[in-house]
Amino acid sequence: MNLFSPRALLAGLISLIPLASFGGDFQFKNVTINVPDGFTVELAAAPPLVGYPMMACFDDRGRLFIAEAGGTNGVMEVLEKIKPNFIRMLEDTNGDGRFDKSTIFAGDLLIPNGALWHDGALYVAEPPGIWRYTDVDGDGVADKREHIAGKVRSNGMSSTLHGPIMGPTGRFFWCSGQSGYSLDKDGELPPGRIAPGVFSLRADGTEHEVFAVGGLANPVEVAFSPEGEVFGTVAILDRPDGARHDALMHWVYGGTYHISANDPNPLKRTGDFLPPLSHVGQVAPSGVMRYRGSQFGNEFRDNIFWAHFNTHKIVRTQLQRHGATFKSVDEDFFVGDNVDFHPTDVLEDADGSLLVIDTGGWFRHGCPTSQIAKPDVRGAIYRVRKTGAPVVADPRGAKIPWAKAKADDLTKLLGDSRPAVVERATFELVKKSRKAISPLEKVLQKDQRVEVRRNAVWALAQLDEFESQTSPNSVTAKKARTALLTALTDAHRSVRQSGAHALGIARAREAVPQLARLVEKDPEPSVRREAATALGRFADASAVPSLLQALREDNDAFLTHSLIYALIQIDRPDLTGKGLAESNTRVRRGALLAL
């Protein structure tokens, strides 16, 4: 194993010293960081450039936006008076991997717990909801602030709300804790607690919905599989043996995972609580991500990395499909030996390296393992690289003439090895509107690469999402949905599953006959699960016979849930009730639960 051992140095000198992998000098604390053989660690930012960083995101230029604390713990009444927290923007002006310029992008915040850059604006989760910050004049400081969605009750703890994160269809996801919430930003808060959960909405704040519920306290952040499945961290999922357990989750639409019997549940149950993906002790999981690059090697592709605040580590989780869900294998990847080293987030940079954010020792309010606030122990940002990995040239595609690129040119970039370039190409295709539909449809029909066809699905889904926000009856959106139908007959599971997911989000009723066939006959449980989810969103009564038929099989808990939840959403007791007369006990049980 490799060790990285920084030593304390006089304040203010850190920016003057060249910092190399293994053996740099640092001012803020002593810590030994352990990573697997073949990896190196560098300091990417330290005081005075940052103080107490928490959650972060990149924009399309490589600027790092950090939800940062001011080092103060307090109940909401105190925070409302002093507003000590802020959004910091870091820049690496010379491209050496170390940030060297810091700007306060937005100040006077309460508890910012997450950031997402999208379409020229920064979206932040901060009580009482989701906010959009825009730098109108381009000076690096936000001058427009809009509350677009959500209303939560906060007690000053970080469990109030987190996010947002954008999924592959273009919808945002955020999480809320146990204090009570309303999806309507102008709505009334419930009188008390409500089951914590994961929520989704459009970028304009509309079509807000509960995606899943689970946990006794604090769902934190989510990440997505290549097919759009949702993974997330939960601090305090349950107490099965009297001791607290946290978890990594596979969240499915409409799912109810372990919640308090005293918390009202906004979702209808489909049976027993759905199980977690990885059940751990009191580690206080925080940020989570899926590794998309190639720099760490193929064995790391699509692995999940998640931060464990209490146990001072980043954990790597390898996933294997198992029925309609996954099996997981956890292993330590990045471990600090100092009790004041508290990782809160982990994210992938465009060059395939990982950034690990350590918030330092300030945090105490609501954390049972941090009994003493230590604001003198500041945080830092570390960068993890794979030894000997080839350098990624132009990782964000800055040299690509985006303004001149035609739709056909952009579709060729959907197979690029640089994830940031694929993201940018997708965004530019959405801006092309109807001019992008035919080239994307051609990719879906003819490209031999599964990943490229899947990326075309997501580009069409985002195009539909954008056009539908602009005009509910958009002809362009309808054409995008028609093009997506091709994905349902694709030879590969991944494309069929992504297509079902995208068409469900789009509520494309023209897909009902094909989705009904998939839910009955597709050989892959994950495809059947996604097809059932889509059919439930349509609330089309013609799908009920297919859903009842699919219940005959010996399905796992996740597929069974999705079939029953679709019947609940369709809400046709006259048709679902016919399942009670079936000889198959699975069908009778499913129909009874749906009713």
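The structure contained in this document is the topic of the report that follows.

Rules behind the numbers
Residues numbered from 1 in each chain as written. Predicted model: local features only at pLDDT ≥ 70, side-chain atom pairs only at ≥ 80, totals over all residues. Heavy atoms only, no water. Helix = DSSP H or I, 4+ residues; strand = E, 2+ residues; numbered from the N terminus. Rg over C-alpha atoms; globule rule 2.2 N^0.38 Å. Contact = heavy atoms within 4.5 Å. Areas by Shrake-Rupley, 256 points an atom, 1.4 Å probe, with all protein chains shown as cover. Buried < 20%, exposed > 50% of the residue type's maximum accessible area, 1.4 Å probe, protein only. Pairing = 2+ DSSP bridges. Salt bridge = Lys/Arg side-chain N within 4 Å of Asp/Glu carboxyl O. Phe/Tyr/Trp six-rings, centres within 6.5 Å; stacked < 30°, edge-to-face > 60°. Lys NZ or Arg CZ within 6 Å of the ring centre and 35° of its normal. Axes fitted to C-alpha atoms, helices over the stretch in contact; angles between N-to-C directions. Parallel < 35°, antiparallel > 145°, perpendicular 65-115°, else oblique. Left-handed = near helix turned anticlockwise from the far one by under 90°. Nonpolar A, V, L, I, M, F, W, Y, C, P; charged D, E, K, R; others polar. Patch = residues over 30% accessible without salt bridge, like charges linked within 9 Å, V, L, I, M, F, W, Y side chains within 5 Å. Core = buried A, V, L, I, M, F, W, Y, C linked by side-chain atoms within 4.5 Å. Expected span 1.5 Å × (residues − 1).

What follows deals with the overall build of the chain. The secondary structure content of the chain amounts to 13 helices and 29 strands. Over its C-alpha trace the chain gives a radius of gyration of 24 Å, about what one expects of a compact globule, namely 25 Å for 595 residues. With the C-alpha coordinates of the chain rotated into their principal frame, the extents come out at 75 × 60 × 45 Å. Taking the contacts inside the chain whose residues are at least 6 apart along the sequence as the reference set, 60% of them involve residues at least 24 apart. Working note: accessible area of the chain is about 22800 Å², and carbon and sulfur atoms make up 50% of it.

To continue, consider the pairing of strand S13 (residues 161-166). In terms of residue burial, S13 counts as a mostly covered element, since five of its six residues are buried. With antiparallel pairing between neighbouring strands as the criterion, S13 and strand S14 (residues 172-176) make up a hairpin whose turn holds five residues, including Gly170 at a positive phi of roughly 100°.

As a further point, take the environment of Ser158. Following the sequence through the fold, Ser158 ends up in the loop between strand S12 (151-152) and S13. With 31 residues separating them in the primary sequence, Ser158 and Pro127 have C-alpha atoms 9.9 Å apart. In this view, Ser158 contacts Ile111, Asn113 and Phe363; residues no more than four positions away in its chain are not counted.

The tally for this structure, following the rule as stated, stands at 43 salt bridges. The salt bridge partner of Glu207 is Arg171, with a shortest N-O separation of 3.1 Å. Placement of the pair is Glu207 in the loop between strand S16 (197-201) and strand S17 (209-213) and Arg171 in the loop between S13 and S14, with a sequence separation of 36 residues.

To continue, consider the sheet that holds strand S21 (residues 255-256). Here five strands make up an open sheet; going across it, the order is S13-S14-S16-S17-S21 and the pairing mixed. The open sheet has two edge strands, S13 and S21, and neither has a second partner. Note that S16 and S17 share four bridges and pair antiparallel. Within S17, the position partnered with Phe199 by the bridge is Val210.

Within this structure, the stated rule accounts for 24 aromatic pairs. Ring centres of Phe65 and Phe105 lie 5.0 Å apart, and the angle between their planes is 80°; this geometry places the pair in the edge-to-face category. One end of the pair, Phe65, is in strand S5 (residues 64-69); the other, Phe105, is in strand S7 (residues 101-109), and 40 residues separate them in sequence. The residues Phe65 and Phe105 share a single accessibility class, namely buried. Aromatic rings pair up to connect Phe39, Tyr291, Phe296, Phe300, Phe305 and Phe333 into one cluster. Positioned over the ring face of Phe58 is Arg396, at 4.8 Å from the centre of the ring. Of note, Arg537 hangs over the ring of Tyr253, and the distance from its end group to the ring centre comes to 3.9 Å.

A few words on the packing of helix H3 (residues 419-432) against helix H5 (residues 450-470). Two measures define how a pair of helices packs: the angle their axes make with one another and the distance between the axes. Packing of H3 against H5 leaves a shortest axis separation of 9 Å and a crossing angle of 40°. As summarised for this structure, H3 and H5 are arranged oblique, according to the angle between their axes. Here H3 runs over H5; the crossing is right-handed. Facing H3, whose interface residues are Val422, Thr426, Leu429 and Val430, H5 presents Asn455, Ala459, Gln462, Leu463 and Phe466. In terms of residue class, the contact of H3 with H5 is made up of six nonpolar, three polar and no charged.

By secondary structure assignment, the location of Ser179 is in the loop between S14 and strand S15 (181-182). Accessibility expressed as a relative area gives 14% for Ser179, which makes it buried. In this structure, the C-alpha to C-alpha distance between Ser179 and Pro191, residues 12 residues apart in sequence, is 9.8 Å. Contacts of Ser179, omitting those with residues within four sequence positions, involve Arg153, Asn155 and Gly192.

Turning our attention to the sheet that holds strand S6 (residues 85-91). Whether parallel or antiparallel, the strands of a sheet pair through hydrogen bonds between backbone atoms. On the basis of which strands lie adjacent, the open sheet formed by four strands has the order S4-S5-S6-S7 and antiparallel pairing. Whereas interior strands pair on both sides, the edge strands pair on one side only; in this sheet they are strand S4 (52-58) and S7. Between one strand axis and the next, the sheet turns through 25° on average, direction left out of account. Bridge analysis of S4 against S5 gives six bridges, and the strand direction is antiparallel. Bridge assignment links Ala56 to a residue of S5, and that residue is Ile66.

To continue, consider a nonpolar patch on the surface. Taken together, the side chains of Val75, Val78 and Ile82 present a nonpolar region at the surface, about 210 Å² in accessible area. Locating Val75 in the fold gives a position in the loop between S5 and helix H1 (76-82). On the accessibility criterion, Val75 (38% relative accessible area) is partly exposed.

Moving on, we get to the nonpolar core. Counting residues in each nonpolar core, the largest one holds 104 residues, and the members touching the most others are Val222, Trp251, Leu515 and Leu547. Sort the elements by how many residues they give to this core and helix H11 (residues 557-570) lands first, with nine residues. The residues touching Val222, leaving out its near neighbours within four places in the chain, are Ile165, Phe173, Cys175, Val198, Val230, Phe231, Gly232, Trp251 and Val288. Grouped together as the second largest cluster of nonpolar side chains are 23 residues, Leu43, Ala46, Phe296 and Ile314 included.

In a regular helix each residue adds 1.5 Å, so 14 residues correspond to 20 Å; H3 covers 20 Å between its end C-alpha atoms and thus fits that length. Among the residues making up H3, those that are buried are Pro419, Ala420, Val421, Val422, Ala425, Thr426, Glu428, Leu429 and Val430. Downstream of H3 by a residue or two, Ser433 has a phi angle that is positive, lying close to 60°.

The next subject is the pairing of S6. Side-chain direction in a regular strand flips from residue to residue, so the side chains alternate between the two faces of the sheet. Here S6 lies mainly inside the structure; seven of its seven residues are buried. Here S6 shows two buried faces, one formed by Asn85, Ile87, Met89 and Glu91 and the other by Phe86, Arg88 and Leu90. In the sheet, S5 pairs with S6 via five bridges, with the strands oriented antiparallel. Its bridge partner being in S6, Phe65 is matched across the sheet by Met89. In the sheet, S6 pairs with S7 via six bridges, with the strands oriented antiparallel. Along S7, the bridge assignment pairs Met89 with Thr103.

The analysis is restricted to geometry; functional conclusions fall outside its scope.
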